[in-house]
Amino acid sequence: MKRSARRHTLPRWSALALAALASMLAGCASVSPDGLRGEVQALAQPRTGVADATLPAADPAARAQARQAITGWLAQPLSQDAAVRTALLNHPGLQARLAALGVADADRVQALTLPNPQFSIARLSNPHEREIERALAFSLLDLVTLPWRSARQAERLQVATLQAAQEVVAQAADTRRAWLRAVAAEQVAATHERMVEAAEAGAELARRMARVGNFSRLQHAREQAVLQEATAQRARARLAAATAREQLARSMGLWGPEAQQFTLPAQLPALPATPLPAEGIEATALRERLDVQAARRELDTEARQQGWARAGAVFGDIGIAYQRNTATERESGHRETTRGWELDVPLPLFDWGGAARTRAQARVEQSAATLQDTAVRARSEVRSAWLTYRPALDLARQQRDEVVPLRQFISEETTLRYNGMLASVWELLAEARASTQSVAAAIEAQRDFWLAETDLQLALTGTSPGALQGLASGAATPSTPQGH
């Protein structure tokens, strides 16, 4: 029996040409050599605030060079930019995210690679003849929709690249905050050391005067209380400094001796001469923020996919096969070969693609709402960040230009009065403690401004800073009680 004798035959070269075309189209997609790290770096670098910041490379030799560079940065007082460079090169969580982007790139190539054709062979026989069937089949829809799927996968990968760049920018901002808190905490701890020294001097003098009967027990107890409070504040300041330092080490991905041996600068950066203007900040956020760009691309991808959703659901299993069958009669030995094509098309009797179309439309609406929500949040966050940034700068300038000079003047005048025997030693010690406390408050105000500036830059060009962390104080220091 000859089941395939009725099929129309086509020249053999057409099958070879179709196979060659399929192979050529399937080979168009390739994996990025660097796992798309170059694209992520191009997006993130202008938003990290460090011109020469780089991401870890996959090449072992490049990783060794990066390790040498990190060792050099840690060997000297760690600047803010060096901390960001170290974090971007060394943070394991960031490296895992970049590796996940490489996995997404490989998945894209896999999705664009045509499925391997199916080759089947069968040997059928009866008392009169023997038949050998050979078939080469592959999915026709995968071949026809390859250009569309390539564009769609490229858009999705671009969204994933934008999301990875957001994490890079957020990691840089987190490292900047950790560096600012660590440097400020060490400065505040140093001021508490001086306050304890002044309190110890007052307590020792009170003890001696009480021993010779020139000081009452109440006056002595007051000075002892001042010393105990100053000592407790120093302990809290030391704890805050150690905690902030550990947070900085974690942000940079350091552990072991490296996390303990790096040193920090003695002071925070100076305040800027002029503040950032408020004009155009919302437009800048909508234009530059990576999360807005990602949401916009996601909407474009879903909108393009909507047109194919119904057709893909209904005709997703279209297949084409080339067959070559040979039948041989047993008695005469006559051999007959038939060749032809076979097309498999599903019949839409039950599923007409209505659910797929509704799902695609809902996804477009979801993406549009997500884009709108992201834009509203971006505008609100950048306004809130600027509203925090501007008063923080004014407060830091007030502390630097008015409060600290005023306390220094009072301290100098008190010293002159003490030298002229017009002020007691207790007034001199109390004023020394108050002056040191004002320095600590100025340091915290300066820190809070730079934290607010980091949040503003992130809200302007990067991504959502979440709950604004700019004014989260590393360690609240109560006022030092003064007594005589």
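Residues numbered from 1 in each chain as written. Predicted model: local features only at pLDDT ≥ 70, side-chain atom pairs only at ≥ 80, totals over all residues. Heavy atoms only, no water.

1. Digging into the overall build of the chain
Defined as follows: What counts as a helix is a DSSP run of H or I of at least four residues, what counts as a strand is a run of E of at least two, and both are numbered from the N terminus. Only heavy atoms enter the contact rule, under which two residues are in contact if any of them lie within 4.5 Å. Per-residue accessibility takes into account occlusion by the displayed protein chains alone, with areas from the Shrake-Rupley method and a 1.4 Å probe.
For the chain, the helix and strand inventory stands at 13 helices and four strands. In the chain, the proportion of contacts linking residues at least 24 apart, taken out of those at least 6 apart, comes to 81%. A total of about 25400 Å² of accessible surface is found on the chain, and carbon and sulfur atoms cover 57% of it.

2. Re the packing of aromatic side chains
Formally: When two rings of Phe, Tyr or Trp (its six-membered ring) have centres within 6.5 Å they constitute a pair, described as stacked for plane angles under 30 degrees, edge-to-face for angles over 60, and tilted for the intermediate range. Buried residues are those whose accessible area, probed at 1.4 Å on protein chains only, stays under 20% of the maximum for their type, while exposed residues exceed 50% and partly exposed ones sit between those limits. Whether a charge sits over a ring depends on NZ of Lys or CZ of Arg being within 6 Å of the ring centre and within 35 degrees of the ring normal.
Taken as a whole, this structure holds two aromatic pairs when the rule is applied. A centroid spacing of 5.3 Å and a plane angle of 40° characterise the contact between tyrosine 389 and phenylalanine 449, whose relative ring orientation is tilted. Highlighted residues: tyrosine 389 in helix 12 (residues 354-419) and phenylalanine 449 in helix 13 (residues 425-462), separated in sequence by 60 residues. With respect to class, tyrosine 389 is no different from phenylalanine 449; both count as buried. Above the face of the tryptophan 73 ring, arginine 85 is positioned so that its terminal group lies 5.7 Å from the ring centre. Across the ring face of phenylalanine 262, the terminal group of arginine 245 is positioned such that the distance to the ring centre comes to 4.0 Å.

3. A short note on the nonpolar core
Keep this limit in mind: For our purposes a nonpolar core is just a set of buried Ala, Val, Leu, Ile, Met, Phe, Trp, Tyr and Cys residues, chained together by side-chain atoms within 4.5 Å.
Leu78, Trp179, Leu248, Met252, Phe262, Leu264 and Phe449 are the most contacted members of the largest nonpolar core, which totals 48 residues. Of all the elements in the fold, those that place two or more residues in this core are helix 3 (60-74), helix 4 (80-90), helix 7 (146-211), helix 8 (217-251), helix 10 (281-288), helix 12 and helix 13. Counting residues per element, this core draws most heavily on helix 13, which supplies 10 residues. Judged by nonpolar contacts, the second largest core, of 25 residues, contains Val40, Ala44, Leu94 and Leu157.

4. Here's the deal with the side chain of serine 367
Turning to its location among the elements, serine 367 is positioned in helix 12. With relative accessibility at 10%, the residue serine 367 sits in the buried group. For serine 367, the residues in contact, after removing those within four places along its chain, are Glu298, Leu299 and Glu302.

5. With respect to the environment of glutamate 412
Along the chain, glutamate 412 falls in helix 12. Of the residues examined, glutamate 412 reaches a relative accessible area of 51% and is grouped as exposed. Spatially, the C-alpha atom of glutamate 412 lies 9.7 Å from that of alanine 432, the residues being 20 residues apart in sequence.

6. Here we look at the environment of alanine 434
One can find alanine 434 in helix 13. A relative accessible area of 12% places alanine 434 in the buried class. With 239 residues separating them in the primary sequence, alanine 434 and methionine 195 have C-alpha atoms 8.5 Å apart.

7. Here we look at helix 3
Note the cut-off: To estimate the expected span of a helix, subtract one from its residue number and multiply by 1.5 Å.
With 15 residues, helix 3 extends 21 Å between its outermost C-alpha atoms, agreeing within 8% with the 21 Å of an ideal straight helix rising 1.5 Å per residue. In this structure, the buried side of helix 3 is in contact with helix 4 and helix 9 (257-261).

8. As for the pattern of salt bridges
Here the idea is simple: oppositely charged side chains can pair when their charged atoms come close. Selection criterion: The term salt bridge refers to a pairing of a side-chain nitrogen on Lys or Arg with a carboxyl oxygen on Asp or Glu at a separation within 4 Å.
Counted by the stated rule, this structure contains 24 salt bridges. Of the charged contacts in the structure, one is a salt bridge between aspartate 174 and arginine 177, with a shortest N-O distance of 2.6 Å. One end of the pair is aspartate 174 and the other is arginine 177, both in helix 7 and three residues apart, which spans about a single turn. Overall, aspartate 174 belongs to the partly exposed group, its relative accessible area being 33%.

9. Section: the confidence of the model for the chain
The test is simple: pLDDT is defined as a per-residue confidence score from the predictor, taking values between 0 and 100.
On average, the chain scores 78 in pLDDT, and the residues at 70 or more come to 79%. Highest mean pLDDT in the chain belongs to helix 4 (92); lowest belongs to helix 1 (residues 12-26) (49). Across residues 1-16 the pLDDT falls below 50, and counting only partners more than four positions away or on other chains, this stretch makes 31 contacts in the model. A low-confidence stretch, residues 467-484 (pLDDT under 50), is modelled with 52 contacts involving residues beyond four sequence positions or located in other chains.

10. Looking at a nonpolar patch on the surface
For the record, the criterion: Patch criteria: residues need more than 30% relative accessible area and no salt bridge. Like-charged residues are merged within 9 Å; nonpolar side chains of Val, Leu, Ile, Met, Phe, Trp and Tyr are merged within 5 Å.
Taken together, the side chains of Phe119, Ile121 and Leu136 present a nonpolar region at the surface, about 320 Å² in accessible area. Relative to the helices and strands, phenylalanine 119 resides in strand 1 (residues 118-125).

11. Comments concerning the side chain of glutamine 171
Definition in use: As used in this structure description, the phrase polar contact means that two N or O atoms lie within 3.5 Å; if the pair is within protein, one of them must be able to donate a hydrogen and the other to accept it, and residues adjacent in sequence are counted only when both atoms belong to side chains.
In this structure, glutamine 171 sits in helix 7. Judged by relative accessible area, glutamine 171 falls into the buried class, the value being 12%. Of note is the side chain of glutamine 171, whose polar atom sits 3.0 Å from the backbone oxygen of serine 251. Apart from the residues within four sequence positions on either side, glutamine 171 is in contact with Ala87, His91, Leu94 and Ser251.

12. Let's talk about the environment of leucine 248
By the element assignment, leucine 248 lies in helix 8. Looking at leucine 248, the relative accessible area reads 0%, which means it is buried. Considering only alpha carbons, one finds leucine 248 and alanine 178, 70 residues apart in sequence, at a separation of 4.8 Å.

13. Observations regarding the packing of helix 3 against helix 4
Note the following rule: In this analysis, axes come from line fits to C-alpha atoms, helices being fitted only over the stretch in contact, and the angle between any two N-to-C directions falls in the range 0 to 180 degrees. Each angle gets one of four labels, with under 35 degrees taken as roughly parallel, over 145 as roughly antiparallel, 65 to 115 as roughly perpendicular, and the rest as oblique. By definition, turning the near helix anticlockwise from the far helix through less than a right angle yields a left-handed crossing, and turning it clockwise yields a right-handed one.
Relative to each other, helix 3 and helix 4 sit at 150°, their axes nearing to 10 Å. Between helix 3 and helix 4, the crossing angle belongs to the class labelled roughly antiparallel. Here the hand of the crossing between helix 3 and helix 4 comes out left-handed. In this structure, helix 3 uses Ala66, Arg67, Ile70 and Trp73 to contact helix 4, whose residues at the interface are Ala82, Arg85, Thr86, Leu89 and Asn90.

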